[in-house]
Amino acid sequence: MKYSGWPDKGDLVVGKVDEIADFGVFIDLEEYENKRGLVHISEVASGWIKNVRDHVREGQTVVAKVLDIDEGSQQIDLSIKDVNEHQRKDKIQDWKNEQKADKWMAIAFGEDVSDEQYGAVANALIAEYDSLYDGFEQAAIHGMEALEDVDLEEDEKQAVVETARENVSVPYVNVTGYVDLRCPTPDGVDDIKEALKAAEGNGEIPDEVELTVAYVGSPEYRIKVRAPDYKTAESELEASAKRAREAIEAVGGTGEYHRERTEDDE
């Protein structure tokens, strides 16, 4: 997918070196239709430049900052030297992600998808999420729920979700916490077992979350959560510990949640 409009001043853009002249470098913008920019020799690299070709080569993919735009003369002034290494890596990764999302669109709606449908679906996803890639990623994680507020037909949502679930590699994080459960009643062992079932969620944990509870050493139990992001993981971890505490306290026992082990693992 390429944008038909213009980048904004200050944007970072990905481009391919098309032509090298004594006074600068011409860049074909990869993300925009029929857009070409110029990097003046003074913006290619810091310090004095004897030969531009010592710093760039034809066909090279670069990240540049938009310095100025003159739509009337079709001129885009760019700078390579104003982009640091961290910005360059992040921008290249974002660009690669959008290329992946472009392929997923073709899988979801066919190689011959019309420009009209492609644009409508892409714009709907981008309106809800930061990018087309993020839209597919959220669909892979949360399914139809992620597209609940997206302005698409049901069959279009289904196509996005099915494609996302089959093609998107979802990032996951892991968090761990501990809960101490004590119950002095005659049925204390059974009561603790029920509290552990409550901690595990009784089958009501979201599909995108993996939660396990394991015995560490009396009275300590380890709760492990695997989720798409830290906010979700921490929330599910705390909710699990809370369920266990409430269950054991309801039968006269006590529960205590802590993030670190009381003793080192053996």
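Per an unreviewed UniProt entry, the protein chain goes by Translation initiation factor 2 subunit alpha and derives from Halogranum rubrum. On record in UniProt, under Subunit (unreviewed entry), the comment for the protein chain is "Heterotrimer composed of an alpha, a beta and a gamma chain." Quoted verbatim from the Function (unreviewed entry) field of the UniProt record, the comment on the protein chain reads "eIF-2 functions in the early steps of protein synthesis by forming a ternary complex with GTP and initiator tRNA."

Trainee: Go over helix H1 (residues 85–109), please, and point to the residues and values.
Mentor: An ideal rise of 1.5 Å per residue puts 36 Å on 25 residues; H1 measures up with 36 Å between its terminal C-alpha atoms. Turning to H1, its buried residues are Lys91, Ile92, Trp95, Asn97, Ala101, Trp104, Met105, Ala106, Ala108 and Phe109. Contacts made by the buried residues of H1 are with strand S1 (12–21), strand S4 (61–70), helix H2 (115–128), helix H3 (132–142) and helix H4 (154–167). Where H1 begins, the capping side chain belongs to asparagine 84, and its oxygen is found 3.1 Å from the backbone nitrogen of histidine 86. Positive phi appears at glycine 110, one or two residues downstream of H1, with a value of about 95 degrees.

Trainee: Mind laying out the UniProt feature "domain: S1 motif" (unreviewed entry) in the protein chain, listing which residues take part and the relevant values?
Mentor: Mapped onto this numbering, the UniProt entry annotates "domain: S1 motif" (unreviewed entry) at residues 10–81. Across residues 10–81, the secondary structure splits into 0% helix and 50% strand, with the terminal C-alpha atoms separated by 13 Å.

Trainee: Quick one: what's the story with the packing of aromatic side chains, residue by residue and with numbers?
Mentor: Going through the model one piece at a time under the given rule, you end up with four aromatic pairs. Among the aromatic side chains, those forming a connected cluster through ring pairs are Trp104, Tyr133 and Phe136. Over the aromatic face of tryptophan 6 sits the side chain of lysine 35, whose NZ or CZ is 4.8 Å from the ring centroid. Just above the ring of tyrosine 172 sits the side chain of arginine 226; from NZ or CZ to the centre is 4.1 Å.

Trainee: Can you break down the sheet that holds strand S5 (residues 75–79) residue by residue, with the values?
Mentor: To summarise the sheet geometry, strands pair through backbone hydrogen bonds and adopt either a parallel or an antiparallel arrangement. Read around the barrel, five strands follow the order S1-S2-S3-S5-S4 and close on themselves; strand pairing throughout is mixed. Each strand axis lies, on average, 50 degrees off the axis of its neighbour in the sheet, ignoring direction. Its contacts with the sheet place H1 against S1 and S4, and it is angled at close to 100 degrees to S1.

Trainee: How would you sum up H3? Please name residues and give values.
Mentor: Taking burial as the measure, the eleven residues of H3 include eight buried ones, the bulk of the element. Against the buried residues of H3 lie H1, H2 and H4. Just downstream of H3 lies glycine 143, where phi reads positive at about 65 degrees.

Trainee: Explain the packing of helix H5 (residues 188–199) against helix H6 (residues 230–249) residue by residue, including any values.
Mentor: For the pair H5 and H6, interaxial distance at closest approach is 7 Å and the crossing angle is 150 degrees. Here H6 runs roughly antiparallel to H5, going by the angle between their axes. Handedness of the crossing formed by H5 with H6: right-handed. Side by side, H5 and H6 meet where Asp191, Ile192, Ala195, Ala198 and Ala199 of the first sit next to Ser240, Arg243, Ala244, Ala247 and Ile248 of the second. Among the residues forming the contact of H5 with H6, the class breakdown is seven nonpolar, one polar and two charged.

Reading the values: rules and limits
- Residues numbered from 1 in each chain as written.
- Predicted model: local features only at pLDDT ≥ 70, side-chain atom pairs only at ≥ 80, totals over all residues.
- Heavy atoms only, no water.
- UniProt positions renumbered as here; feature names shortened; annotations may be inferred.
- Helix = DSSP H or I, 4+ residues; strand = E, 2+ residues; numbered from the N terminus.
- Expected span 1.5 Å × (residues − 1).
- Buried < 20%, exposed > 50% of the residue type's maximum accessible area, 1.4 Å probe, protein only.
- Contact = heavy atoms within 4.5 Å.
- Polar contact = N/O pair within 3.5 Å; in protein donor to acceptor, adjacent residues only side chain to side chain.
- Phe/Tyr/Trp six-rings, centres within 6.5 Å; stacked < 30°, edge-to-face > 60°.
- Lys NZ or Arg CZ within 6 Å of the ring centre and 35° of its normal.
- Pairing = 2+ DSSP bridges.
- Axes fitted to C-alpha atoms, helices over the stretch in contact; angles between N-to-C directions.
- Parallel < 35°, antiparallel > 145°, perpendicular 65-115°, else oblique.
- Left-handed = near helix turned anticlockwise from the far one by under 90°.
- Nonpolar A, V, L, I, M, F, W, Y, C, P; charged D, E, K, R; others polar.

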